[in-house]
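Reading the structure
These are the residues of each chain, in order.
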Amino acid sequence: MGILQLRLHTDFISHQGLYPSRSAVEAEGCLMNEEKVFQEVDDKRSNDTENLIFDEGTKRTRKLTNQQWPLEDKIRQLTVGEVPFLVEHWLPSEGVVMVYGSSEAGKTFWMTDLAFHVATGTSWNGCDVEQGNVLYVPSEGQALYGNRLLAIIKNKPELKNGYDNFHTSLNRLDLSNSKGVESFINEMSEIKPKLVIIDTLSGSIGGWDDSKNADMRLAIQEMEKIRDAFEACVVFNHHPLKGDSKTFRGASCLHNDTDTKLLLEIGLNEENEEIASVICERQKSGNKMKCSPWYFRKVEYQVGTSKKGKPITSCYIVEAEMVLPENQQTFYDYIKQNPNCVVANIAKETGFDPAYVRRELKALRMSHRIIRMYKSEGVQHWVTCDPKET
């Protein structure tokens with residue numbers, strides 16, 4: 001194939017499905033071969049005409065498809081994606097998040113405290129926080145919620161200004177009423193919240209059953225409507241199984257169809273104080289290993305006086321030192337003394353069911369307290385990690 005002169009006019013270009021320039025694309029002295037035609041065009045149209053190929057069979061000029069590009073060109077087309085977070089590593093900017101745990105763990109106190117960090121844009125647990133409006137949607141305990149807000153405002157001056165961006169819905173949300181959800185979205189559209197807290201799920205699903213996947217999938221779909229309408233993170237507070245605070249109650253889709261799952265559990269420190277921990281059990285779009293467990297304790301504070309002259313109290317939370325629940329501490333101590341043990345050994349020596357032991361060991365691994373390793377010939381070996389010793 002030699003040097004040819006090719007003149008492409010507007011009519012020809014339109015007929016071939018190409019993109020015309022301001023008048024006509026004129027390329028003279030083009031070098032043609034069996035694969036590509038390289039043309040000199042004006043800068044404004046270069047993106048449209050830079051990958052042209054001349055097909056000898058059809059005598060037509062067309063663009064190269066992505067599959068025909070050289071490997072290096074394909075690689076250059078790749079873009080680096082970044083997961084946007086409302087609370088770095090913990091809460092996605094847009095998603096549906098489940099928070100569950102026993103009522104004594106202080107779920108509402110923690111979520112309220114975190115909400116004020118979002119309202120002020122104050123970093124939390126060493127993590128960056130995107131500032132934005134917060135919308136709290138209670139289904140229970142509305143009469144006492146003002147006390148909790150007052151306790152934060154009076155005792156955490158760095159979060160005080162967040163009250164201007166903290167909004168509470170006066171109407172109870174019913175996720176089983178799709179039209180009601182649409183009305184809720186319209187009513188709250190002026191707030192444009194970045195964080196929506198539904199407290200609790202069971203109090204916001206009307207006649208639906210939280211143990212049925214069919215009902216809970218619909219509930220999650222309604223929360224996704226709220227997420228999409230506000231481009232926000234929707235967090236719902238949920239209950240655990242009765243007698244098992246580490247297993248959420250209800251349908252499996254509450255785990256499978258949500259973006260993040262956070263567990264709050266409670267233990268006792270050396271002074272016999274209740275210490276709660278926040279543990280990330282699932283992070284669909286991020287790395288949950290970056291979510292180191294966070295520990296806190298509740299501090300009682302008098303917010304006022306009753307008509308009878310008795311103190312009215314509430315609580316706010318403060319960060320506390322790491323503490324393990326009693327049974328986890330038992331397993332941790334055993335592993336520390338017997339690093340080559342297996343689950344059957346631990347269950348036999350401590351008297352717990354093997355399935356329960358496995359679950360607690362998983363929790364210890366998630367909290368970075370133990371690391372499971374293997375020696376030669378598949379012999380199991382554990383390494384314990386005590387922050388007080390490092």
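Rules and cut-offs
- Residues numbered from 1 in each chain as written.
- Predicted model: local features only at pLDDT ≥ 70, side-chain atom pairs only at ≥ 80, totals over all residues.
- Heavy atoms only, no water.
- Helix = DSSP H or I, 4+ residues; strand = E, 2+ residues; numbered from the N terminus.
- Buried < 20%, exposed > 50% of the residue type's maximum accessible area, 1.4 Å probe, protein only.
- Contact = heavy atoms within 4.5 Å.
- Areas by Shrake-Rupley, 256 points an atom, 1.4 Å probe, with all protein chains shown as cover.
- Disulfide = S-S within 2.5 Å.
- Core = buried A, V, L, I, M, F, W, Y, C linked by side-chain atoms within 4.5 Å.
- Pairing = 2+ DSSP bridges.
- Axes fitted to C-alpha atoms, helices over the stretch in contact; angles between N-to-C directions.
- Parallel < 35°, antiparallel > 145°, perpendicular 65-115°, else oblique.
- Left-handed = near helix turned anticlockwise from the far one by under 90°.
- Nonpolar A, V, L, I, M, F, W, Y, C, P; charged D, E, K, R; others polar.
- pLDDT = per-residue confidence, 0-100.
- Salt bridge = Lys/Arg side-chain N within 4 Å of Asp/Glu carboxyl O.

Here the focus is the overall build of the chain. In terms of helices and strands, the chain carries 11 helices and 19 strands. Buried positions account for 44% of the 390 residues belonging to the chain. Pairs at least 24 residues apart make up 61% of the contacts formed inside the chain by residues separated by at least 6 positions. Accessible surface for the chain amounts to roughly 21,300 Å². Of this, 46% is attributable to carbon and sulfur atoms.

A separate point is the state of the cysteines. For the coordinates displayed, the defined rule picks out zero disulfides. Here Cys291 is not disulfide-linked; the sulfur of Cys280 is the nearest cysteine sulfur, at 4.1 Å. Taking the relative accessible area as the measure of exposure, Cys291 reaches 2% and is therefore buried.

Let us look at the nonpolar core. One finds Val87, Trp90, Leu91, Trp110 and Leu195 to be the most contacted residues of the largest nonpolar core, which totals 44 residues. Top contributing element to this core by residue count: helix H4 (residues 107-120), with eight residues. Setting aside residues up to four positions removed in sequence, Leu195 forms contacts with Leu86, Leu91, Ala115, Val118, Asn133, Val134, Leu135, Ala232, Cys233 and Val235. One finds Met98, Met188, Ile198 and Leu263 within the second-largest nonpolar core, a separate group that totals 30 residues.

On to the side chain of Ser102. Mapped onto the elements, Ser102 comes out in the loop between strand E7 (95-101) and H4. Other than its neighbours up to four places away in sequence, Ser102 contacts Lys107, Pro240, Ser245, Leu264 and Ile266.

This next bit is on the pairing of E7. In terms of burial, E7 is largely enclosed, as seven of its seven residues are buried. Of the strand pairs in this sheet, E7 and strand E11 (residues 233-238) are connected by six bridges, and their pairing is parallel. If you follow Gly95 over to E11, its bridge partner there is Cys233.

Following both chains from N to C, one finds helix H10 (residues 343-350) and helix H11 (residues 354-366) inclined at 115 degrees, their axes separated by 9 Å at the closest point. With respect to H11, the axis of H10 lies roughly perpendicular. The interaxial crossing formed by H10 with H11 has right-handed handedness. Contact residues: Val343, Ile346 and Ala347 in H10; Pro354, Val357, Arg358 and Leu361 in H11. Residue composition of the contact of H10 with H11, grouped by class: six nonpolar, no polar and one charged.

In this section: the environment of Tyr145. Residue placement: Tyr145 occurs in helix H5 (residues 142-155). Taking the C-alpha atoms as reference points, Tyr145 and Thr168, separated by 23 residues in sequence, lie 9.7 Å from one another.

Bringing the packing of helix H9 (residues 326-337) against H11 into the picture now. For the pair H9 and H11, interaxial distance at closest approach is 10 Å and the crossing angle is 85 degrees. Comparing their axes, H11 and H9 come out roughly perpendicular. Judged by residue contacts, Asn327, Gln328, Phe331, Tyr332 and Ile335 of H9 engage Tyr356, Val357, Glu360, Leu361, Ala363 and Leu364 from H11. Partitioning the contact of H9 with H11 into residue classes produces eight nonpolar, two polar and one charged.

Quick look at the confidence of the model for the chain now. With 79% of its residues at a pLDDT of at least 70, the chain reaches an overall mean of 82. Overall, residues 1-49 carries pLDDT values under 50, and its contacts beyond four positions in sequence, including any with other chains, amount to 78 contacts.

Remark on secondary structure: sheet strands pair via backbone hydrogen bonds, oriented parallel or antiparallel. Spatially, the nine strands line up as an open sheet ordered E9-E8-E10-E11-E7-E14-E15-E16-E17, and their pairing is mixed. Looking at which strands have only one partner, the edges of the open sheet turn out to be strand E9 (166-168) and strand E17 (311-319). Mean inter-strand twist for the sheet, computed between neighbouring axes without regard to direction, equals 25 degrees. Where E7 lies against strand E14 (residues 260-268), five bridges are found, and the strand directions are parallel. Residue pairing across strands places Val99 opposite Leu262, the latter belonging to E14. The sheet strands contacting helix H7 (residues 213-230) are E7, strand E10 (195-199) and E11, and the helix crosses E11 at an angle near 150 degrees.

Once that is clear, we can look at the pattern of salt bridges. Overall, the coordinates contain 10 salt bridges when judged by the stated rule. Note that Asp244 is salt-bridged to Arg359, the shortest N-O span being 3.1 Å. Of the two residues, Asp244 is situated in strand E13 (residues 244-248) and Arg359 in helix H11; the sequence distance between them amounts to 115 residues. A relative accessible area of 18% means that Asp244 is categorised as buried.

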